[in-house]
Structures are given as structure tokens and as C-alpha cells.
Amino acid sequence: MYGFLFSSFLLFISASAAAAAATSFRPDALVIPVSKDASTLQYLTTIHQRTPLVPVKLVVDLGGQFLWVDCDRNYVSSSYRPARCGSAQCSLARASGCGECYSAPRPGCNNNTCSVLPDNTVTRTGTSGELASDVVSVESTDGSNPGRVVSVSKFIFSCGSTFLLEGLASGTVGMAGLGRTKIGLPSQFASAFSFHRKFAICLSDSATANGVAFFGGGPYRLLPNIDASQSLIYTPLYINPVSTASGYSQGEPSAEYFIRVKSIKINERAIKLNTSLLSIDNEGVGGTKISTVNPYTVLESSIYKAFTKAFISAAAAINITRAASVAPFDVCFSSKNVYSTRVGPSVPSIDLVLQNESVYWRIFGANSMVYVSDKVLCLGFVDGGVNPRTSIVIGGKQLEDNLLQFDIATSKLGFSSSLLFRRTTCANFNFTSNP
């Protein structure tokens, strides 16, 4: 009986969200641009929110729980609605408790409202914030170009506070959470427009050329007419049973995306690792997650030591010589014997071996190396110390010019490996609108 009621409740929520889509046009997918901020190396997007609509610049947080924005400054909207205690919106957001506000009513400060815990995942800072809804507007897509602008009239988000913006890129007013919650952007858009609960990100390595994120299924076409959704390799996504947010309720699972790396190879030779670190234990410690807020991949110390030792040895075998460290990198090399290839500098390949030996994510020089000068390039991986919460955090540098599709409904990740092999990049989506 409970299962029936719960299913009915979810159907009601989905129907409500679909009804909230303020247009009869039903897109198959949505598209947003994703830029790279040169100073922070954060990935940014802009959506339109409120009435009247205004552009809202946000840091993209792949594993973030939901959309949150600063409501303390300049939040003006006639369509802002706080989520009342006990409402379906509060239940969907898993927001318990009922808050009061002791100053004049305004966005972020209303009586009889539920609250959640907006999280700055860059600085690991959280606070309590009012749950609310407002109009959100984005462009639809046929997979090749942006199309008609569509709106969701009651898009659920959280109010954050101005102090929560510390450490975020200049001009941003919050974070766009793409995590696996019912109020993450992917689930809300899928519910509003009745498309598949999947999305894809394709991050550009350039601070001057936009990458792209799609909500919904493919095609995901990049110039010159290459459908990147046709070259994906698939691996299961895993749920970490313990939240990785800075603040959370007991029993809450993580909203982040975890995969199972079984081993790491350098030039196709496996390195010796403590494999127990590669699994998530009962307390939510260990495993591998994918992150857009970490600019570089972070490895637990013993994994980092074995990994860098093997990489240095493989590089020496092809006459690549060491250079002095350049922060934040420990392992750097002279560019003297490093040549340019289609997939970046000619350095040893790195394989993250997944569910079996024939399924692996290969990382080439374009994604493993960072040029710090004309004469020096460094291995773009950093030491995460002993006993980190997550053993391997695959960071932004390693994701660039790779298409990643997250299928939340079937808990599956599709990844392309480097698109440079296909003579395209994540900056090659044609943002020129169709008439």
C-alpha cells in the first residue's frame, strides 16, 4: 500500500512539474552553454530566471544537489514563491522542519517555509536556505542548434546567502547542481518536459570558447556534423549511501556521480594499488567520483605515489626528463622530447580500467598534461592526502573535450574518451539558433 501511495505521489509531482512548463511546445532536449573561467578554472553557465527574466550566471556543479542562488542581493521577481511547510515541493526536496523569519518578508525570508542546505562545494561551506520556486527559462535543441526558448514556471531552487559566493568565479550568483536528486536540474527538466532523465556535459579546454551541456537524450552534434552520442562506452554509476555534501540529514545518500575504477594502467601496464580504496565502504568512504569543481584529478596519497612513480618511469623510457615542480603540481617535465599529436603531448597513456579489462577510460596527453610554460609541462594530477573521503576524484582537466552522458534513470555513464580523435572538440557545438 505504501509503495502504491509513494508511486502515486511521484506521479503527482511529475505531472505537476510537467503542468508547470509554461508552453505547449514539448522539446526533446535542452541546451546551455558552459564556459571556463580562466582565473578559477571553474565551469560556468547562464540561465534566465525570475519575472521579469534576468540572466543568472552560475558555477556548474556536476554533483550539486540543486540550483541555489544568492537571494540577499538584488533578487527581484513577481513570480517568486516560497515552499510552504508540508508542501509537495518540500517533500520532493527532502526538506524537513519548518522555518520562521523575523524580518520583513522577502525572497529567502518568509514564515512557514521549509529549508534545505545550499552548499558551496568549492570552499566546502554550507548554510540553511529557504526552498522556493520561480520561473526558469532555457533554450531547447534538436541536438544540432539551439531552438525555441522554453520555461518552467515553478522551478524549485534554494536561496543561498551572499557569503556563500566566496571562492566562486567573479560575477556568479550561485551554483547549478546537476546531481542525482529529484530537484537537481536534470530531474526537474526531465519531469517538466517529459523527456528521459539523462543529460550530457562536454567541457571546453578553452576560456574563450564555450563547451555545452544537454538535458535529454541525443543526438549531441558537434561540428563538422559529428554525433558524439554515437561513440560512447558505458559503465555503471554507483550510489554512495552516505551524502558527500558539507551538511546533510542522516540516511541521505550522496547526490554525486560515482563509478567503479578497478585498476589504473600506465602505457597499458597495471600499477600496484591498495584495491580496497577503490570501493565505497559502509561509511561512504572510498571509491571514484566525477567532479566539475575540482580542476584536476585528486588521488589518495598511496595511489598518487604509485601512479606518479609509474608515470615518471614510463616517461623516462621515452627520454622525457624531469623538471622542477610548479605548484600545484609535483611532477613536471621538460618539453624538449615531447611532441605534439592530435590528442595532445606525446606522453604515456593512462587507463582507468572499469567493470572489466576491455572497458577503460583512456586519458591522453591533452587531458593529462598542463603546460606551465613553453619549456615545462606538468602531470595534471594532485595528491589528496591520506584518508580522504573519496579515493579518486576525476577533475575538470581530465573531462575536457570528452562527452559524458549521465543516465540517471538507468544509473549508467556513457563516455567518449577524447573527442580530439574524432577531429572535433567540446567547443564545436553550433550555438547559432535555428530560425
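Position numbers for residues count from 1 along each chain, tracking the sequence in the order it is written. Predicted model: local features are reported for residues with pLDDT of at least 70 only, side-chain atom pairs are reported and counted for 80 or more only, and whole-chain, interface and lining totals are derived from all residues. Hydrogens and water molecules were not included; the side-chain quantities draw on all heavy atoms of the structure.

Asks: What should I look at first to understand the sheet that holds strand β26 (residues 350–353) in this one?
Replies: Strands pair in a sheet through their backbones, by hydrogen bonds, and they do so in one of two ways: parallel or antiparallel. When DSSP finds at least two bridges between two strands, those strands are taken to pair. By definition, any uninterrupted DSSP run of H or I lasting at least four residues is a helix, any uninterrupted run of E lasting at least two residues is a strand, and each is numbered from the N terminus. Read from one edge to the other, the open sheet built from four strands follows the order β19-β18-β26-β27, with strand pairing classed as antiparallel. Each edge of the open sheet is held by one strand with a lone partner, namely β19 (269–270) and β27 (360–363). Inspection of the sheet shows β26 paired to β27 by four bridges, in the antiparallel sense. Each residue of the ladder has a partner; that of Asp-351, found in β27, is Arg-362. The contact definition used throughout considers only heavy atoms, calling two residues in contact when any of these lie within 4.5 Å. A fitted line through C-alpha atoms serves as each axis, taken over the contacting stretch for helices, and the angle formed by two N-to-C directions is quoted from 0 to 180°. Taken strand by strand, helix α4 (residues 301–316) contacts β18 (263–266) and β26, and its axis lies near 20° from that of β18.

Asks: What's the story with unusual backbone geometry in this structure? I'm lost.
Replies: Generally, phi is negative for residues other than glycine and the peptide bonds are trans, each holding for most cases. In this model, Gly-218 is joined to Pro-219 through a cis peptide bond whose omega is 5°. Within the fold, Pro-219 resides in the loop between β13 (211–215) and β14 (221–222). With an omega of 5°, the peptide bond running from Ala-327 to Pro-328 counts as cis. Relative to the helices and strands, Pro-328 is located in the loop between β22 (322–323) and β23 (332–334). Unusually for a residue other than glycine, Asn-74 sits at a positive phi of about 60°. Residue exposure (1.4 Å probe, protein chains only): buried if accessible area is under 20% of the type maximum, exposed if over 50%, otherwise partly exposed. A relative accessible area of 71% places Asn-74 in the exposed class. Despite not being glycine, Arg-124 has its phi angle at roughly 60°, a positive value. As for its placement among the helices and strands, Arg-124 is situated in the loop between β7 (119–120) and β8 (125–126).

Asks: Explain the state of the cysteines to me, please; I cannot follow it from the model alone.
Replies: Should the sulfur atoms of two cysteines be covalently bonded, the bond is a disulfide. Whenever a pair of cysteine sulfur atoms sits within 2.5 Å, that pair is classed as a disulfide. Within the structure shown, the criterion is met by six disulfides. Disulfide pairing is shown between Cys-85 and Cys-98; the S-S distance is 1.9 Å. On the sign convention where negative means left-handed, the S-S torsion of about 100° between Cys-85 and Cys-98 marks this disulfide as right-handed. Of this pair, Cys-85 sits in the loop between β5 (81–82) and α2 (88–92) while Cys-98 sits in the loop between α2 and β6 (115–116); the two residues are 13 residues apart in sequence, bridging distant segments of the chain. You can call Cys-98 partly exposed: its relative accessible area is 47%. Between the sulfur atoms of Cys-90 and its disulfide partner Cys-114 the distance amounts to 2.0 Å.

Asks: Would you take a moment to explain the sheet that holds strand β28 (residues 369–371) for this structure?
Replies: Pairing within the open sheet is antiparallel, and its four strands lie in the order β22-β23-β29-β28. Two strands in the sheet have a free side with no partner beyond their single neighbour: β22 and β28.

Asks: Even after reading the chapter, I still don't get the environment of Ile-226, so can you show me in this structure?
Replies: In this fold, Ile-226 is placed in strand β15 (residues 226–227). With a relative accessible area of 13%, Ile-226 lands in the buried category. The spatial distance from the C-alpha of Ile-226 to the C-alpha of Thr-424 is 7.7 Å, given a sequence separation of 198 residues. Every residue in contact with Ile-226, bar those within four places of it in the chain, is listed here: Tyr-220, Arg-221, Arg-422, Arg-423 and Thr-424.

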